[in-house]
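Residues per chain are reported as follows:
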Amino acid sequence: MAELSRNMLRLKRVMNKSKNRNTRFVNVRSVRNCRYCGKQIVVGDECLTTNKKLEGRRWTCLGCLDAILRYNETKAELDNVAFGDEGASMALSEALDENLAELYERGIIDDED
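Residues numbered from 1 in each chain as written. Predicted model: local features only at pLDDT ≥ 70, side-chain atom pairs only at ≥ 80, totals over all residues. Heavy atoms only, no water.

Engineer: An account of the pairing of strand 4 (residues 46–52) is requested, with residue identities and associated values reported.
Structural biologist: Along strand 4, five of the seven residues are buried, which leaves the element largely enclosed by surrounding structure. Summarising the sheet, strand 1 (residues 23–27) and strand 4 pair through five bridges and their orientation is antiparallel. Opposite Thr-23, over in strand 4, you have Thr-50 as the bridge partner. Taken together, the five bridges between strand 4 and strand 5 (residues 56–60) define a ladder with antiparallel strand orientation. Bridging from a neighbouring strand, Thr-49 pairs with Trp-59 of strand 5. Taking the residues that link successive antiparallel strands as the turn, the strand 4-strand 5 hairpin has three residues, and the phi of Leu-54 there is positive, at about 65°. (Buried < 20%, exposed > 50% of the residue type's maximum accessible area, 1.4 Å probe, protein only. Helix = DSSP H or I, 4+ residues; strand = E, 2+ residues; numbered from the N terminus. Pairing = 2+ DSSP bridges.)

As structure tokens, then:
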């Protein structure tokens, strides 16, 4: 079982305290497949489950969820870089490109060619 990052723990705490029961972190009771990468989530592993109206229940593995969180964090950091700070901007742009490549690899984002 994967170790949860601090941001993932914070997200888990907020999601599970919410009154909305459609999105929760759960321990899987039977073998499921990740909605993005297709990886099997075995019994007892933790994952994010989403139950949208007319779409049914879907499971997201912690690896895909962590990739999405890292991409969003890097994007937010890039938006907050001071104007004229080219070094930080370039470094964050490279990190953002790496995170985006991982999202494409996992199938979270589809190619729009």
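There is more to say, and it comes next.
Engineer: So what about the sheet that holds strand 1? Which residues, and what values?
Structural biologist: In spatial order, the strands read 1-4-5; together these three strands make up an open sheet with antiparallel pairing. Strand pairing shows two members of the sheet lacking a second neighbour, strand 1 and strand 5, which therefore form its edges. Averaged over all pairs of adjacent strands, the angle between their axes in this sheet comes to 30°, without regard to strand direction. Against the sheet, helix 1 (residues 6–17) makes contact with strand 1 and strand 4, and its axis sits at roughly 110° relative to strand 1, the strand it touches most. (Axes fitted to C-alpha atoms, helices over the stretch in contact; angles between N-to-C directions. Contact = heavy atoms within 4.5 Å.)

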